[in-house]
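Breakdown of the fold
Now for the letters of each chain:
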Amino acid sequence: MRRAIFPGSFDPLTNGHLDIIRRSAPLFDEMIVSVLNNPEKNPMFTVDERCEMVREVLPSVGTGGCSMLVEAFSGLTAHFAREREATAIVRGIRAVSDYEYELRMALMNRRLEPTIETVFLMAGEEYSYVSSTLMKQVFELGGRVNGLIPELVEKKMGEKNGDDQSGSPRTDKYSGRSRR
Ligand code: PNS
């Protein structure tokens, strides 16, 4: 059984994440999309909301017969991978700028759990600039992010921001800060 975890914050899930899932899932028998529980980072969505969104969107992704699971986790990714008896940690690389951070993480994870390999996949070029942070920023300021995040996620972001459809910049309700 080849089991991998695909860890991340997924705040929110983007089409870039889905692209990595679509590319990597066929390499494994089972993949756990592992959503980091990081309340200290003041995420837009709770970990349960993020897991739920991933679960709802996943059926639309072709995963080539790989069984997909979604789980929240806390603590170290390497320890979570070991607990789930995964042999691989999947990460996507969008651009050279991702490389240094990802290399450090991969080396640290390998030191922590030498038998677990990090598997890097190159993101599709159309998603090479897509990050959760950028999506939130553009959305909150009234920009369009359609096609870059799943429709369901866009809808949930609108609900979070109390979208008034007026075209004016959205208010950052989840953190209580005004955006203007
Ligand atoms: O989607 P992200 O935010 O780029 O994912 C980063 C993530 C969750 C993979 C990373 O922050 C992580 O692994 N956090 C868990 C704590 C941990 O293991 N830290 C040491 C990494 S070497």
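A short tour of the structure in this document, coming up. Every chain's residues receive numbers from 1 upward, in the order its sequence appears when written. Whole-chain, interface and lining totals are the exception, using all residues; otherwise, since this is a predicted model, local features are given only for residues with pLDDT of at least 70 and side-chain atom pairs are given and counted only at 80 or more.

1. Some thoughts on the overall build of the protein
Helical segments are the DSSP runs of H or I of at least four residues, strand segments are the runs of E of at least two, and each set is numbered from the N terminus. Summing up its helical and strand segments, the protein has 6 helices and 5 strands in all. Computed over the C-alpha atoms, the radius of gyration of the protein is 17 Å, within 12% of the 16 Å expected from 2.2 N^0.38 for a compact globule of 180 residues. Oriented by its inertia axes, the alpha-carbon framework of the protein measures out at about 50 × 30 × 30 Å. Residue burial is a threshold on neighbouring C-beta atoms within 10 Å of the residue's own C-beta, all placed from the backbone, with 20 or more meaning buried, 12 or fewer meaning exposed, and counts in between meaning partly exposed. Here the protein holds 180 residues, and the buried ones make up 34% of them. Looking at the protein alone, contacts between residues at least 24 apart form 76% of all its contacts between residues at least 6 apart. For this measure, only C-alpha atoms enter the radius of gyration; the expected value for a globule follows 2.2 Å times N^0.38, where N is the number of residues. Residue pairs qualify as contacts under a 7 Å threshold applied to their C-beta atoms, which are placed from the backbone.

2. A word on the site of the ligand
Close contacts around the ligand come from Pro7, Gly8, Ser9, Leu36, Leu76, Thr77, Met105, Met108 and Asn109, and that covers them all. Sorting the residues of the shell around the ligand by element identifies β1 (3-8) and α4 (96-112) as the ones contributing at least two each. The greatest single-element share of the shell around the ligand, amounting to 3 residues, is contributed by α4. Looking at the shell around the ligand residue by residue, the classes come out as 5 nonpolar, 4 polar and no charged. Near residues are defined by distance alone, with the backbone-placed C-beta atom required to lie within 6 Å of the molecule or strand. For this classification, Asp, Glu, Lys and Arg are treated as charged, while Ala, Val, Leu, Ile, Met, Phe, Trp, Tyr, Cys and Pro are nonpolar and the rest, including Gly, are polar.

3. Some points on the environment of Ser97
In this structure, Ser97 sits in helix α4. Of the residues examined, Ser97 has 9 C-beta atoms within 10 Å and is grouped as exposed. Along the chain, Ser97 and Asp19 lie 78 residues apart, while their C-alpha atoms are 19 Å from each other.

So far we have only geometry, and geometry alone does not tell us how the molecule works.
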